[in-house]
Amino acid sequence: MRMRIRVRLQIEDENGTVVADDEVLGLAKPADRVEELGLSLEEAKRMLRATQERLLAAQAADYTARHRCCPDCGCVRTSKGLRTIRFRTLFGTVDVPGRRLHRCGCDGKGGGSVSPLRALFTERAAPELLFLEAKWASLVSYGITTDLLKDVLPIADTTNPTTVRRDLSRVADRLEAALGEERFSLIDGCPADWRELPAPEGPIVVGVDGGYVRSWDDKTTSFEVIAGKAVPEERVDRFFGFVQTHDKKPRRRLHEVGSLHESDQIVRDLRTA
């Protein structure tokens, strides 16, 4: 005997009007063996992928509708047609439909068209995808990271180690730019007054390790990598790492170091960088 299961996604606008009502998963499942109970991994991937496609389409349509009018004179801009924007997410690569609009005559640019969604899709990869790629690629190889994400999430089949390496480099460049300039001291005030500063709360256990890595540009030379972990008694763990002979901001890097567990903050940083 098979049970019929239908999972539907209903999206309402702020007034409670249903703007989308679609089936995202349809199943006919038996319940005679333990492996048939609940959702399988493949079924969950299908549901997540379908939900992501419909949700992104609804959000893009809502954003375009709210930006249909000219921001200068308020006139409604006429449509020139649809064009999709490819957006890479944790739950698949989605071709998001976006409406192009004729330019308003008040801007003096003499025709042409604009896409309101370009202001929304400032990146073509979701921050959550970049976060997981960067987190796992910093711990294991690019190939293992790719296999891991493909095993558990419906990410695009075209994702490969080169994609992960490229995304990790982009994230690293953003974090590097956010460090700010190096400073001789990161404590304000006169050094004579530093003894009066309050002691840190609770004990902190710090572990430091290092190793030598062969240079990519010159295979005959190596450089030293120093990494460590600080484990405060009352705060989250903190990780740090730098290359002593190449790092131009060692003090700043150690001061600004964050926790890998602070995923929400990292995602917000990726979104606003």
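See the structure above.
Residues numbered from 1 in each chain as written. Predicted model: local features only at pLDDT ≥ 70, side-chain atom pairs only at ≥ 80, totals over all residues. Heavy atoms only, no water.

Draft legend 1. Inspection of the pairing of strand 8 (residues 238–243) at higher detail. As paired elements, strand 7 (residues 222–232) and strand 8 share six bridges and run antiparallel to each other. Across the sheet, alanine 227 pairs through a bridge with glycine 241, a residue of strand 8. (Pairing = 2+ DSSP bridges. Helix = DSSP H or I, 4+ residues; strand = E, 2+ residues; numbered from the N terminus.)

Draft legend 2. Up close: the sheet that holds strand 4 (residues 92–102). Strands sit in the order 3-4-5 across an open sheet of three strands; the sheet is antiparallel. Each having just a single partner strand, strand 3 (79–89) and strand 5 (113–114) make up the two edges of the open sheet. Judged from the ten bridges that link them, strand 3 and strand 4 form a sheet pairing that is antiparallel. Looking at the pairing, serine 79 lines up with leucine 101 of strand 4.

Draft legend 3. Structural context of the pairing of strand 2 (residues 18–30). Relative to strand 2, strand 1 (residues 2–12) runs antiparallel, the two sharing eleven bridges. Pairing of methionine 3 across the sheet is with lysine 29, part of strand 2.

Draft legend 4. Focus on a positive patch on the surface. Taken together, the side chains of Lys80, Arg83, Arg118 and Arg124 make up a positively charged region of the molecular surface. Among the secondary structure elements, arginine 83 is positioned in strand 3. (Patch = residues over 30% accessible without salt bridge, like charges linked within 9 Å, V, L, I, M, F, W, Y side chains within 5 Å. Areas by Shrake-Rupley, 256 points an atom, 1.4 Å probe, with all protein chains shown as cover. Salt bridge = Lys/Arg side-chain N within 4 Å of Asp/Glu carboxyl O. Lys, Arg positive; Asp, Glu negative; His and termini not counted. Charge placed at Lys NZ, Arg CZ, Asp CG, Glu CD.)

Draft legend 5. Focus on the environment of methionine 3. Checked against the element boundaries, methionine 3 lands in strand 1. The exposed category is assigned to methionine 3, whose relative accessible area is 52%. In this structure, the C-alpha to C-alpha distance between methionine 3 and alanine 31, residues 28 residues apart in sequence, is 7.9 Å. Dropping the residues within four chain positions of it, methionine 3 is found in contact with Leu27, Ala28 and Lys29. (Buried < 20%, exposed > 50% of the residue type's maximum accessible area, 1.4 Å probe, protein only. Contact = heavy atoms within 4.5 Å.)

Draft legend 6. The packing of aromatic side chains, seen in detail. On inspection of all chains with the given rule, the structure shows one aromatic pair. Here the aromatic rings of phenylalanine 87 and phenylalanine 121 are separated by 4.9 Å at their centres, their planes lie at 75°, and the arrangement is edge-to-face. Remark: phenylalanine 121 occurs in the loop between helix 2 (117–120) and helix 3 (127–137) and phenylalanine 87 occurs in strand 3; sequence separation between them is 34 residues. Since its relative accessible area comes to 11%, phenylalanine 87 is described here as buried. (Phe/Tyr/Trp six-rings, centres within 6.5 Å; stacked < 30°, edge-to-face > 60°.)

Draft legend 7. Highlighting the sheet that holds strand 7. If you walk across this open sheet you meet the three strands as 6-7-8, and the pairing is antiparallel. Every interior strand has two partners, whereas the edge strands, strand 6 (204–214) and strand 8, have only one. Each neighbouring strand pair of the sheet contributes to a mean axis angle of 15°, computed without reference to strand direction. (Axes fitted to C-alpha atoms, helices over the stretch in contact; angles between N-to-C directions.)

Draft legend 8. Molecular detail of the nonpolar core. Within the largest apolar cluster, ten residues are counted, these being Leu56, Ala60, Tyr63, Ile85, Phe87, Val94, Val96, Leu117, Phe121 and Ala126. When contributions to this core are tallied by element, the ones reaching two or more residues are helix 1 (41–66), strand 3 and strand 4. Counting residues per element, this core draws most heavily on helix 1, which supplies three residues. Apart from the residues lying within four places of it in its own chain, the contact partners of isoleucine 85 are Val94, Asp95, Val96, Leu117, Phe121 and Arg124. Formed by nine residues, the second largest nonpolar core is a distinct cluster that contains Ile11, Ala20, Val24 and Ala50. (Core = buried A, V, L, I, M, F, W, Y, C linked by side-chain atoms within 4.5 Å.)

Draft legend 9. Here's a closer look at helix 5 (residues 161–178). End to end, helix 5 covers 26 Å across 18 residues, agreeing with the expected 26 Å (1.5 Å per residue, within 8%). Inspection of helix 5 places Thr163, Val164, Asp167, Leu168, Val171 and Arg174 among the buried residues, and these make up the whole buried set. What you see down the axis of helix 5 is that its buried residues fit within an arc of 125°, all on one side. For helix 5, exposure combined with an orientation more than 90 degrees from the buried face picks out Asp173 and Ala177. For helix 5, the capping residue at the N-terminal end is asparagine 160, with a side-chain oxygen 3.0 Å from the backbone nitrogen of threonine 162. Within two residues after helix 5, glycine 180 carries a phi angle of roughly 85°, on the positive side. (Expected span 1.5 Å × (residues − 1). Arc of directions from axis to C-beta. Polar contact = N/O pair within 3.5 Å; in protein donor to acceptor, adjacent residues only side chain to side chain.)

Draft legend 10. Summary view of the packing of helix 4 (residues 142–152) against helix 5. Running from N to C, helix 4 and helix 5 cross one another at 105°; their axes reach a closest spacing of 8 Å. One element, helix 4, and the other, helix 5, form an angle in the roughly perpendicular class. Of helix 5, the residues touching helix 4 (which contributes Tyr142, Gly143, Thr145 and Thr146) are Pro161, Val164, Arg165 and Leu168. For the contact of helix 4 with helix 5, the residue count by class is four nonpolar, three polar and one charged. (Parallel < 35°, antiparallel > 145°, perpendicular 65-115°, else oblique. Nonpolar A, V, L, I, M, F, W, Y, C, P; charged D, E, K, R; others polar.)

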